[in-house]
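Chain residues, written in single-letter form:
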Amino acid sequence: MLQHHRSPHSPLPRTVILGAGGFLSPVLQRNLQAHGATMMALGRSTIDLTKPGASAELAAHIQPDDAVVMAAGLTPDKGKDTATLMANLRMAEAVALALQHSRPAHFLYISSDAVYDARWSSLLNEESACEPSDLYALMHVAREKILGQACQQARIPFAIVRPCAIYGPGDTHNSYGPNRFLRSALNSRTIALFGAGQERRHHVFVDDVAELVRQCIGHASTGVINAVTGHAASFGEVAEMIAALAADNIMIDHLPQSAPVTHRHFDTRALALAFPSLQATELADGLRQSYAALQPASGLAALSSASPASQKPATKKEEAVCP
Amino acid sequence: MNKQTIGFAGLSHLGIIYSAASAARGFSVVAFDPRTDLTADLAHGRFPVAEPGLDDLYREHSARLTYTSDASRLAHCQLVFVALDVTTNDSNQSDLGPLEKLLAEVTPQLAHGATLVIMSQLPPGYSRKLSAKLADNKLRDNQLFYQVETLVFGNAVDRAVHPERIIIGSDKVGADKVGSDKTGSDKPGEALPAHYAAYLKAFECPTVLMRYESAELCKIAINCFLVSSIATSNTLAEVCERIGADWREIVPALRLDQRIGTKAYLTPGLGIAGGNLERDLVTVQRLAEENGCDASVVTAWQRNSMYRKDWVLGRLFASGLLQNTEQTRIGVWGLAYKQDTHSTKNSPSLALLRALNAYSCQAYDPVAKIDAGQFPHVRVCDAAEEAAQDSDVLLVMTPWREFASAPLERLLPRMRGRKVIDPYGVLAEARCRQLGYQYERLGA
């Protein structure tokens, strides 16, 4: 549950975004810019948060009135092993030290819905127990604790946003879901589903996550909020929608179901209470925008042929300072 | 007419209703409360609570009712009931302070051999401690009983005058005397003083006698069973909403099952409210925690209640009607937590209005009032029509009968929008749809 500590009519603070090279950062930058905010987006080329001395470097960039958003991290497609976990924790350690030194006005951590284990509840919410089922989920839980403790000690208002599966134009990942389906539909005219693709997920459009983060900054919100849509669609439904977007026939392949069918449904009450005017992008609209962005004329088509490991974000700039 | 004069102390909802019910059963009643303005109002038939039938009851039996702020008047009664409602805080925990203050005022007035009966909502263990305390205070000649109240807001008068059974806790009962008196005879009454047994007999219903702790927990047990029915109905009603079933079609079949019953709580709602049920759940959790019992089902009931309380907000959120903070106008019918009561304790309507504090709201309730200072964004209306006027959506948050008979053909066109959210299904659904309105209710 979130608590707001500032009138939404107040001017937005300058925002420092960690993870400039990620999927969310460019969209968040555009959103903040559209609302008249100033910002600084820091990527690995400026500060490698896994390296010694990173905390001091970072602290030097943060001013007392800033809001800081941490969207930096190595996602599962970069590795699911212990080394990746430890690298991610080193990043959190560096940020925690920097926060304690620089004491910004607000800190917001972009976590993940992976922290919940859906086996124990048919409807998850912000109060559901965090029960990490893999190292990636454990990483987010540990980071939440590390950063939360740092903020508590330094008395920095702290918020956690836990998005479900994010998709949209500029997606740098190739996880099972809309982004992979869109690329394979364009490249090979096929979409590969596990089994019948029954598993239901909240597929959250990246612009909606950026808007939620901006609203949290605007309200100086503290607490935890899940970035969810209110509707869980099955992978099969997503595949059908994407197939319908393509003019050519798209073949939907059904691979053997390798794992038990699980669903992840989320309760939107906390979101409705915190930001009643927020409106999630309809899945069909979000997929349409994502599909359009992957067309050759969009400039993002290069992504469609890139292998996951070599993919780069839509913007090559890893550091951006916007007015 | 019964010649015995019965004393009542503590004139909140419980004391007002039971003192009047006792008069209706033919007893002369002295009803005491230290608040002089309250007793003055009561003496003129002005009640601070709204209950169907209460005004008529008073009118018919006022000759036997004496309201007073003079505690010494209780010294003439051989049977004195303490019936002050125990209020709860925001965490649904009891505040026993006012009851203890009242007891300190009443007990010194008790006549030799008089019987003291507590009807206030007590946590298990309280009666025995109080009994010991009274003995320490040289009131050994005064027996203490705990009589379970099972009133229902909005139906309190009928339940008080015509109880289905009376449950009594005592320290004088052993295992051999515990049981039910289904015939109205005085078999369990052997454990009761004659004047108390005579009083109970006037209500013409079975008496169930048990030890203090059992009676205290019995009240909580009743409420737990009610909550379990509510939570089950709410859960299945939501499943209905998702799979195209209609809970209203299922309910008659359930009522015909004798294991469930014709009067079971099967109507889906917006979570539990009113305070009493919530208090008892908190008490069970405390007892379970102190004694190492598994009460996870109680936690599940509470979560379900919280979840359902926001059902209307969820529908509004999903509809997109809340996108425009400045221009959206919301009409609300009903503020009370249920029909036929003034109470707004834990009311879903008020919870919703708090959540909609960024929007312009206009609300009407036939009885319940709200503190304008806490709801500056809400304009309280004098009529249902006014609350519907120019609204983008109409929310029927309390199932008052008045709303069921509202002339939809005249009222709905006054709205600016065409959406009606009527969780309890008070309005004529088919008519709303015929008139071109989007209509939503629980369970379908």
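Here is what the cut-offs are and how they apply
Residues numbered from 1 in each chain as written. Chains lettered and ligands numbered in written order. Predicted model: local features only at pLDDT ≥ 70, side-chain atom pairs only at ≥ 80, totals over all residues. Heavy atoms only, no water. Domains from an automatic or database assignment. Buried area = accessible area lost by both parts, 1.4 Å probe. Salt bridge = Lys/Arg side-chain N within 4 Å of Asp/Glu carboxyl O. Nonpolar A, V, L, I, M, F, W, Y, C, P; charged D, E, K, R; others polar. Patch = residues over 30% accessible without salt bridge, like charges linked within 9 Å, V, L, I, M, F, W, Y side chains within 5 Å. Areas by Shrake-Rupley, 256 points an atom, 1.4 Å probe, with all protein chains shown as cover. Buried < 20%, exposed > 50% of the residue type's maximum accessible area, 1.4 Å probe, protein only. Helix = DSSP H or I, 4+ residues; strand = E, 2+ residues; numbered from the N terminus. 1 Å grid on protein atoms, 1.4 Å probe; cavity = no way out; pocket = protein on both sides within 12 Å on 5 of 7 lines; lining within 4 Å. Points joined across faces, edges and corners; volume = space filled by probe spheres on them. Expected span 1.5 Å × (residues − 1). Contact = heavy atoms within 4.5 Å. Core = buried A, V, L, I, M, F, W, Y, C linked by side-chain atoms within 4.5 Å. Phe/Tyr/Trp six-rings, centres within 6.5 Å; stacked < 30°, edge-to-face > 60°. Lys NZ or Arg CZ within 6 Å of the ring centre and 35° of its normal.

Here we look at the domain arrangement of chain B
Residues and elements named next belong to chain B.
Part 1 of the argument: Taken domain by domain, chain B consists of domain 1 (5–211), domain 2 (219–309) and domain 3 (311–440).
Part 2 of the argument: On a C-alpha basis, the centres of domain 1 and domain 3 stand 39 Å from each other.
Part 3 of the argument: Here domain 1 meets domain 3 over a buried area of about 700 Å², counting both sides, of which 49% is carbon and sulfur.
Part 4 of the argument: At the boundary of domain 1 and domain 3, one finds zero salt bridges.
Part 5 of the argument: Along the lines of polarity and charge, the residues of the side of domain 1 that touches domain 3 split into six nonpolar, four polar and one charged.

Some remarks on a nonpolar patch on the surface
Part 1 of the argument: A cluster of nonpolar residues, B:Leu236, B:Val239 and B:Ile243, forms a patch on the protein surface that exposes about 270 Å² of accessible area.
Part 2 of the argument: Classification of B:Leu236 as partly exposed rests on a relative accessible area of 38%.

Structural notes on unusual backbone geometry
Part 1 of the argument: With a phi angle near 45°, A:Arg103 is a residue other than glycine that sits in the positive phi range.
Part 2 of the argument: Note on placement: A:Arg103 falls in the loop between helix H3 (82–102) and strand S5 (106–110).
Part 3 of the argument: Of note in this structure, B:Asn92 is not a glycine but carries a positive phi near 65°.
Part 4 of the argument: Given a relative accessible area of 15%, B:Asn92 falls into the buried group.

Notes on empty space enclosed by the protein
Residue and element names in this part refer to chain B.
Part 1 of the argument: Applying the stated criterion across every chain, the model contains five cavities of 30 Å³ or more.
Part 2 of the argument: One number sums up the size of the largest cavity: a volume of about 100 Å³.
Part 3 of the argument: Lining of the largest cavity is provided by Tyr-18, Met-119, Gln-147, Val-148, Thr-150, Ala-160, Pro-163, Arg-165, Ile-166, Ile-167, Tyr-199 and Phe-203.
Part 4 of the argument: Taken together, the residues of the lining of the largest cavity sort by class into nine nonpolar, two polar and one charged.

Structural notes on helix H10 (residues 276–291) of chain B
All names here are of chain B.
Part 1 of the argument: A rise of 1.5 Å per residue sets the reference length of H10, with its 16 residues, at 22 Å; its end C-alpha atoms lie 22 Å apart and thus fit the reference within 8%.
Part 2 of the argument: Every buried residue belonging to H10 is among Leu-277, Glu-278, Arg-279, Asp-280, Leu-281, Val-282, Thr-283, Val-284, Leu-287 and Ala-288, and all of these are buried.
Part 3 of the argument: On its buried side, H10 packs onto helix H8 (212–243) and helix H11 (296–309).
Part 4 of the argument: Gly-292, located one to two residues past H10, shows a positive phi value of around 70°.

Looking at the nonpolar core
Part 1 of the argument: If you look at the biggest cluster of nonpolar residues, it comprises 124 residues, and the most contacted ones within it are A:Phe107, B:Trp333, B:Leu395 and B:Leu427.
Part 2 of the argument: Considering each element in turn, this core owes the most residues, eight residues, to H3(A).
Part 3 of the argument: Ignoring anything within four residues of it in the chain, the contact list for B:Leu395 reads B:Val312, B:Leu316, B:Ile330, B:Gly331, B:Val332, B:Trp333, B:Leu352 and B:Ile421.

Observations regarding the packing of aromatic side chains
Part 1 of the argument: Going through the model one piece at a time under the given rule, you end up with 18 aromatic pairs over all chains.
Part 2 of the argument: Between A:Phe181 and A:Phe235, the aromatic rings sit 6.3 Å apart at their centres with planes inclined by 75°, giving edge-to-face as the arrangement. Taken together, the residues A:Phe181 in helix H5 (residues 178–188) and A:Phe235 in helix H7 (residues 235–245) connect sequence positions 54 residues apart. By the burial criterion, A:Phe181 is buried, and A:Phe235 matches it.
Part 3 of the argument: On the numbers, 6.0 Å between centres and 85° between planes, the contact of B:Phe153 with B:Tyr337 is edge-to-face. Placement of the pair is B:Phe153 in the loop between strand S6 (143–147) and helix H6 (156–161) and B:Tyr337 in the loop between strand S10 (329–333) and helix H13 (348–355), with a sequence separation of 184 residues.
Part 4 of the argument: On the basis of relative accessibility, which here comes to 12%, the residue B:Tyr337 falls in the buried class.
Part 5 of the argument: Grouped by ring-pair contacts, the aromatic residues B:Phe8, B:Phe27, B:Phe81, B:Phe145, B:Tyr196, B:Tyr199 and B:Phe203 constitute a single cluster.
Part 6 of the argument: Lying across the ring of B:Tyr437, B:Arg418 places its NZ or CZ 4.4 Å from the centre.

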